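Descriptive analysis of the structure
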Amino acid sequence: GLLRWFKTGTAIIFLFTNYTVQINFYDHVKLVITLPDLIANPDAVELITVVSERGVGVTRTPDQMMAGGVLTSSLIAKLQFAAKVISSPLLHTL
């Protein structure tokens, strides 16, 4: 289920009970980030799913994402935003 959600000037962020964070950007790109355990390992990421504005999705580990040639400057900016979200106190005050 949904633990919490919040809205920023960039996106709407959802945190689910299974340690998944979904970030819906206003340009219709979505990131779904699977975290192993927000309490035990707050900065670890298991999987990243990117859904383009056309609805095409791809799921990779962070290492695969870095090596796979799918990174554009726009996606890098979104991943940097996601990193800030994941380390944010808003997510860690459950």
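Residues numbered from 1 in each chain as written. Predicted model: local features only at pLDDT ≥ 70, side-chain atom pairs only at ≥ 80, totals over all residues. Heavy atoms only, no water.

1. Structural notes on the pairing of strand E6 (residues 57-60)
As defined by bridge partners, strand E5 (residues 47-51) adjoins E6 across 4 bridges and the pair is classed as antiparallel. Counted as the bridge partner of valine 50 is valine 58 from E6. Between E5 and E6, which pair antiparallel and follow one another directly, the connecting turn spans 5 residues, one of which, glycine 55, has a positive phi of 90°. (Pairing = 2+ DSSP bridges. Helix = DSSP H or I, 4+ residues; strand = E, 2+ residues; numbered from the N terminus.)

2. Thoughts on helix H2 (residues 73-86)
Residues lying three or four places apart along an α-helix face the same way, a consequence of the helix completing one turn every 3.6 residues. The terminal C-alpha atoms of H2 lie 20 Å apart, and with 14 residues this matches the ideal 20 Å at 1.5 Å per residue to within 8%. When H2 is considered as a whole, its buried residues turn out to be Leu75, Lys78, Leu79, Phe81, Ala82, Val85 and Ile86. For H2, the arc enclosing every buried residue in end-on projection is 160°, short of the 170-degree limit, so these residues lie on one face. Exposed residues lying more than 90 degrees from the buried face of H2 are Ser73, Gln80 and Lys84. (Expected span 1.5 Å × (residues − 1). Buried < 20%, exposed > 50% of the residue type's maximum accessible area, 1.4 Å probe, protein only. Arc of directions from axis to C-beta.)

3. Structural notes on the sheet that holds strand E4 (residues 30-34)
Read from one edge to the other, the open sheet built from 6 strands follows the order E1-E2-E3-E4-E5-E6, with strand pairing classed as antiparallel. The sheet is open, and its two borders are formed by strand E1 (2-7) and E6, each paired with just one other strand. Averaged over all adjacent pairs, the angle separating strand axes in this sheet is 15°, with direction ignored. Examined bridge by bridge, E1 and strand E2 (residues 11-16) share 5 bridges and lie antiparallel to one another. Pairing of phenylalanine 6 across the sheet is with isoleucine 13, part of E2. (Axes fitted to C-alpha atoms, helices over the stretch in contact; angles between N-to-C directions.)

4. Focus: the pattern of salt bridges
If you walk through the whole model with that rule in mind, you get 2 salt bridges. Here glutamate 53 makes a salt bridge to arginine 54, at a shortest N to O gap of 3.4 Å. (Salt bridge = Lys/Arg side-chain N within 4 Å of Asp/Glu carboxyl O.)

5. Here we look at the confidence of the model for the chain
Looking at the chain, pLDDT values average 88 and 90% of them are 70 or higher. Model confidence for the chain, summarised as mean pLDDT per element, is weakest for helix H3 (residues 89-92) at 68 and strongest for strand E3 (residues 20-25) at 96. (pLDDT = per-residue confidence, 0-100.)

6. Comments concerning the nonpolar core
The tendency in soluble globular proteins is for nonpolar side chains to be buried as a group. Within the largest apolar cluster, 20 residues are counted, with the highest numbers of intra-cluster contacts made by Ile23, Leu31 and Ile33. For this core, the secondary structure elements donating two or more residues are E2, E3, E4, E5 and H2. For this core, the leading source of residues is H2, giving 6 residues. The residues contacting isoleucine 33, other than those within four sequence positions of it, are Tyr19, Thr20, Val21, Ile23, Val45, Leu47, Ile48, Ala82 and Ile86. (Core = buried A, V, L, I, M, F, W, Y, C linked by side-chain atoms within 4.5 Å. Contact = heavy atoms within 4.5 Å.)

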